[in-house]
Amino acid sequence: MSNIILIGFMGTGKTEIGRRLSDFLDYSFIDTDSIMENVEGMSISAIFKEKGEPYFRNLETETIKTLSDYSKFVISTGGGIVLKEENIFMLKKLGYVILLYATPEVIVSRLRFATDRPLLQVEDKEMKIKEILAQRDSFYNKAADFKIDTSNKTPEDIVKEIVNLLPIPMK
Ligand code: S3P
C-alpha cells in the first residue's frame, strides 16, 4: 500500500491535486495519460483520432501494468480507467484508490471550453458529461477506497482532506 491513486471523472482535479499531494507528502507524481503521450509520441486527442478508443483503452491497461514496482508515488489516472475490471484490480494492488468527484454543474463549468477531451467534442457538452457520468457512477464507486467531493473547495483544502483520511501516516 505504498502509493496513492487518484481516480475520477474529467475535470475533478486529479492532476492538480495529484501534484500538490505529491509535493506535500514528498512523493513522486505521475499521470497515466502523460505516460501514454510519451510512449506514443502524440497527444491523447491524437491517439483517439488516429488509433481509436479501443487502442487507447488497451494502452491504459498496459500502462498500469508497468507501475507494479512503484512505491511512494501519487498516480493520477484518466477518467475512463475504471471501465475495465482488470484495471480496478491492478490499481487496488498499487495502493489507496481515492475518488475525486464533483457535481455535474461544477464539471460542466470546468470543462466548458476544454478542447483536449476527445469524448467531449460534441455539440451539447453538458448532456454528454451527464450521460457519461451516469454510465460510470457504479464503476467509480466500486473502485474507490475513499471519496472526496472537490466541488467548491480550494486545492489546499482538498489535499488536507486526503491526508487526514488516509488510515496510516504516509509521510
Ligand atoms: C478520458 C479522460 C481523460 C483521458 C481521455 C479519456 C475519459 O483524462 O484519459 O480523454 O474516458 O474519461 P482526464 O480524466 O485526466 O481528463
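About the cut-offs
What you see as residue numbers is a count from 1 along each chain, following the sequence as written. For a predicted model such as this one, the threshold for reporting local features is a pLDDT of at least 70, and the threshold for listing and counting side-chain atom pairs is 80 or more; totals across whole chains, interfaces and linings nevertheless cover every residue. For the side-chain quantities, the full set of heavy atoms in the structure was used; hydrogens and water were omitted. For each structure, a 1 Å grid was placed over the protein atoms alone; sets of points admitting a 1.4 Å probe that cannot get out are labelled cavities, open sets with protein on both sides within 12 Å along at least five of seven lines are labelled pockets, and lining residues have an atom within 4 Å of a point. Grid points are joined across faces, edges and corners, and a volume is the space filled by probe spheres set on the points. Segments assigned H or I by DSSP are reported as helices when at least four residues long, segments assigned E as strands when at least two residues long, and all are numbered from the N terminus. Only Asp, Glu, Lys and Arg are considered charged in this grouping, and only Ala, Val, Leu, Ile, Met, Phe, Trp, Tyr, Cys and Pro are considered nonpolar; every other residue, Gly among them, is considered polar. Joining through side-chain atoms within 4.5 Å is the link that ties buried Ala, Val, Leu, Ile, Met, Phe, Trp, Tyr and Cys residues into a set, and such a set is a nonpolar core. Here the term buried applies to any residue with accessible area under 20% of the maximum for its type, exposed to any over 50%, and partly exposed to those in between, with areas from a 1.4 Å probe on protein chains only. In what follows, a contact means two residues having at least one pair of non-hydrogen atoms within 4.5 Å. A single heavy atom is enough: if one lies within 4 Å of a molecule or strand, its residue is considered near that molecule or strand. In the analysis that follows, any N or O atom pair within 3.5 Å is treated as a polar contact, provided that within protein one partner can donate a hydrogen and the other can accept it, and provided that, for residues neighboring in sequence, both atoms belong to side chains. Shrake-Rupley sampling with a 1.4 Å probe provides the accessible areas, and residues are treated as covered by the protein chains on show and by no other component. Only the stretch in contact is used when a helix axis is fitted, and all axes are lines through C-alpha atoms; the angle between N-to-C directions ranges over 0 to 180 degrees. Reported orientations rely on four angle classes, namely roughly parallel under 35 degrees, roughly antiparallel over 145, roughly perpendicular from 65 to 115, and oblique for the rest. Every case where a carboxyl oxygen of Asp or Glu lies within 4 Å of a side-chain nitrogen of Lys or Arg is listed as a salt bridge.

(A) Summary view of the layout of surface pockets. In this structure, the largest pocket occupies an estimated 720 Å³ of space. Around the largest pocket, the lining is made up of 36 residues, and of these Met-10, Lys-14, Thr-15, Asp-33 and Arg-117 lie nearest the centre. Among the secondary structure elements, those contributing two or more residues to the lining of the largest pocket are α1 (14–25), α2 (32–40), α3 (44–51), α4 (53–65), α6 (104–111) and α8 (155–165). Counting residues per element, the lining of the largest pocket draws most heavily on α1, at five residues. Classifying every residue of the lining of the largest pocket gives 10 nonpolar, 13 polar and 13 charged. Here the second largest pocket defines a volume of roughly 170 Å³. As for the second largest pocket, its lining consists of 14 residues, and the residues nearest its centre are Leu-99, Tyr-101, Leu-133, Asp-137 and Tyr-140. Secondary structure elements with two or more residues in the lining of the second largest pocket: β4 (95–101), α6 and α7 (125–143). Its residues assigned to classes, the lining of the second largest pocket shows nine nonpolar, three polar and two charged.

(B) View of the nonpolar core. Residues Ile-7, Phe-9, Leu-91 and Ile-129 are the most contacted members of the largest nonpolar core, which totals 30 residues. Only β1 (3–7), β3 (73–76), α5 (85–94), β4, α6 and α7 provide two or more residues apiece to this core. The element contributing the most residues to this core is α7, with five residues. With near-sequence residues (within four places) excluded, Leu-91 lies in contact with Ile-5, Ile-7, Ile-64, Thr-77, Ile-81 and Val-97. Counting residues in hydrophobic clusters, the runner-up holds 16 residues, among them Phe-29, Ile-98, Leu-100 and Ile-158.

(C) Structural view of the site of the ligand. The environment of the ligand is made up of 14 residues, and the closest members are Lys-14, Arg-57, Gly-79, Arg-117 and Arg-136. One nitrogen or oxygen atom from the side chain of Arg-57 is found 2.7 Å from an oxygen atom belonging to the ligand. Between the ligand and the protein, one listed contact pairs an oxygen atom with a side-chain N or O atom of Arg-136 at 2.7 Å. Look at the ligand: alone it shows 390 Å² of surface, and the protein chains cover 95% of it. Listing elements by their share of the shell around the ligand, those giving two or more residues are α3 and α4. Residue composition of the shell around the ligand, grouped by class: six nonpolar, three polar and five charged.

(D) Inspection of the packing of α3 against α4 at higher detail. One way to put it is that α3 packs onto α4 with a least axis distance of 7 Å and a crossing angle of 125°. In terms of orientation, α3 and α4 fall into the oblique class. Listed contacts from α4 to Ile-44, Ile-47, Phe-48 and Lys-51 of α3 are Glu-53, Tyr-55, Phe-56, Arg-57 and Leu-59.

(E) Structural view of unusual backbone geometry. One non-glycine residue, Asp-26, lies in the positive phi region at around 60°. Of note, Lys-72 is a non-glycine position whose phi angle comes to about 55°, a positive value.

(F) Highlighting the pattern of salt bridges. Applying the stated criterion across every chain yields a total of 14 salt bridges. A salt bridge links Lys-92 to Asp-145, with the shortest nitrogen-to-oxygen separation between them at 3.1 Å. A residue pair is termed long-range when its members are at least 10 positions apart, and Lys-92 in helix α5 and Asp-145 in the loop between α7 and β5 (146–149) qualify at 53 residues. One salt bridge in this structure joins Glu-161 and Lys-153, with 3.0 Å as the shortest N-O distance. Given a relative accessible area of 30%, Glu-161 falls into the partly exposed group. Here Lys-153 falls in the partly exposed class, since its relative accessible area comes to 31%.

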